[in-house]
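These are the residues of each chain, in order.
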Amino acid sequence: MSTSTIRERLEEIRRQALEALSQSLEPAQVESVRVRVLGRNGELTELIRSLRSLPEHERPVVGQLANQLKRELEERIEALARELRRRRIEQSLAQPALDVTLPGMEFGRGRIHPLTQITGQILEIWTAMGFEVALTPDIEDDFHNFGALNFPPDHPAREMQDTFFLEGGRLLRTHTSNGQIRVMERRRPPLAVVCPGTCYRRDELSVRYSPMFSQLEGFMVDDFGKVTMAHLKGTLTEFLRAFFGPEADVRFRASFFPFTEPSAETDVRCIFCKGAGCRVCKQSGWIEILGCGMIHPNVLRAVGYDPQKHAGFAFGMGLERLALIRLGVEDMRLFFENDLRFLAQF
Ligand SMILES: [Zn+2]
């Protein structure tokens, strides 16, 4: 490169740099001009590096020009960057000030789901009455969910439209009564156990039904003659008065279940209308709470007990139902929709 070409090139770099700076409104734009011209591989930096190839006598003159331009651009860039930073501060000071008295952002606080709360209260009552808590599997086989519980082979509950069947003959338990079988086949009386858990049936989610729901199974087994229907009635009445209040009125109606004999359904006098009749109790004055009975001899045999030597009672209750009644809510779906406006009320 001849010296005149270098002079022209220097002039061109200067002109372009000044023009780019005059159009820069942001510190970032100024910085990009600096990198392009003065950076390690910048236009001017490259040019100064190339001067080494000039004949020695030509170097001082153009070298001086190049260094002058370098200083000039450095100063301009520094001044412009300082000016732009100052303007930015002035602008932000001119903005309305932050109002520190405004309320802060609210963060929702988690709480225990109402169904979990009620289940906890129910388990507390049972454990205070001497029952132990046992957790048993959600995935079951036909024997523990139906066969051992004295369901006949053609019982409608075993059909596809009621039960979720899995591969290999397994199924999702349709009730927590499998807990009775699971505990009894492992242990010997005396036993007083409650088994809370989730159950599954092929129901559509509606006001009263859900394909997934919670139950609590309970049972007490001892020597024959030590546990009778009278103990069953006394125990359940005690539980219902602990749960609904000491004045709760309880009645037992004869019923039928495959796994108990005799069987009964247990009602409490409607806590909403005090028995006068309302929408919740369907004008009957009573609300059905649970099913119960003396454990069927076939069930005792299925777990290897001798029905001549041992006897017991069993009961099962729907936890959503108890929670709905206790909370005065009518729609089962509210427990599963996770609408915070509902959940936050409890
Ligand atoms: Zn009522």
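Values in this document were obtained by computation on a predicted structure and should not be read as measured data.

1. Here's the deal with the overall build of the protein
Helix and strand counts for the protein stand at 12 helices and nine strands. The C-alpha radius of gyration computed for the protein amounts to 42 Å, which surpasses the reference 20 Å derived for 346 residues by more than 25%, pointing to a less compact arrangement than a globule. Taken over the C-alpha atoms alone, the protein extends approximately 125 × 50 × 35 Å along its principal axes. Within the protein, residue pairs in contact and separated by at least 24 positions form 65% of the contacts whose partners lie at least 6 positions apart.

2. A word on the pairing of strand β9 (residues 310-318)
Within β9, nine of the nine residues are buried, which leaves the element mostly enclosed by the surrounding structure. Burial of the side chains of β9 extends over both faces: H310, G312, A314, G316 and G318 are buried on one face and A311, F313, F315 and M317 on the other. Across nine bridges, strand β5 (residues 212-223) lies against β9 in antiparallel orientation. Looking at the pairing, V221 lines up with G312 of β9. Bridge count for strand β8 (residues 286-295) against β9 is five bridges, and the pairing is antiparallel.

3. So, the packing of helix α1 (residues 3-22) against helix α4 (residues 59-94)
Put simply, α1 and α4 touch, their axes get as near as 10 Å, and they point 5 degrees apart. Here α1 is positioned roughly parallel relative to α4, judged by the angle of their axes. For the pair formed by α1 and α4, the contact residues are T3, I6, R7, L10, I13, R14, A17 and L21 on the first element and V61, V62, L65, A66, L69, L73, R76, I77 and L80 on the second. Residue composition of the contact of α1 with α4, grouped by class: 13 nonpolar, one polar and three charged.

4. A closer look at the environment of R251
Within the secondary structure layout, R251 lies in strand β6 (residues 250-257). We classify R251 as partly exposed; it has 13 C-beta atoms within 10 Å. Considering only alpha carbons, one finds R251 and C281, 30 residues apart in sequence, at a separation of 14 Å.

5. Let's talk about the nonpolar core
C292, I295, F313, L319 and L322 are the most contacted members of the largest nonpolar core, which has 47 residues in total. Ignoring any residue separated from it by four or fewer positions in sequence, one finds F313 in contact with F219, M220, V227, H231, L232, C292, G293, M294 and I295. Counting residues in each nonpolar core, the second largest holds 13 residues, with I6, V33, A66 and A81 among its members.

6. Brief notes about unusual backbone geometry
Put simply, P189 and P190 share a cis peptide bond, and its omega is 0 degrees. Backbone geometry places K274, a non-glycine residue, at a positive phi of 55 degrees. Summarising the element assignment, K274 is placed in the loop between β7 (260-269) and β8. With 12 C-beta atoms packed within 10 Å, K274 lands in the exposed category. For K282, which is not glycine, the phi dihedral falls at a positive 50 degrees. Its place among the elements puts K282 in the loop between β7 and β8.

7. Some points on the sheet that holds β5
Ordered by their spatial adjacency, seven strands build an open sheet running β1-β4-β5-β9-β8-β7-β6, and the pairing between neighbours is mixed. Looking at which strands have only one partner, the edges of the open sheet turn out to be β1 (132-133) and β6. The sheet contact formed by strand β4 (residues 191-200) and β5 spans 10 bridges and is antiparallel. What sits directly across from A192, in β5, is M220.

About the thresholds
Residues numbered from 1 in each chain as written. Predicted model: local features only at pLDDT ≥ 70, side-chain atom pairs only at ≥ 80, totals over all residues. Helix = DSSP H or I, 4+ residues; strand = E, 2+ residues; numbered from the N terminus. Rg over C-alpha atoms; globule rule 2.2 N^0.38 Å. Contact = placed C-beta atoms within 7 Å. Buried ≥ 20, exposed ≤ 12 C-beta atoms within 10 Å, placed from the backbone. Pairing = 2+ DSSP bridges. Axes fitted to C-alpha atoms, helices over the stretch in contact; angles between N-to-C directions. Parallel < 35°, antiparallel > 145°, perpendicular 65-115°, else oblique. Nonpolar A, V, L, I, M, F, W, Y, C, P; charged D, E, K, R; others polar. Core = buried A, V, L, I, M, F, W, Y, C linked by C-beta atoms within 7 Å.

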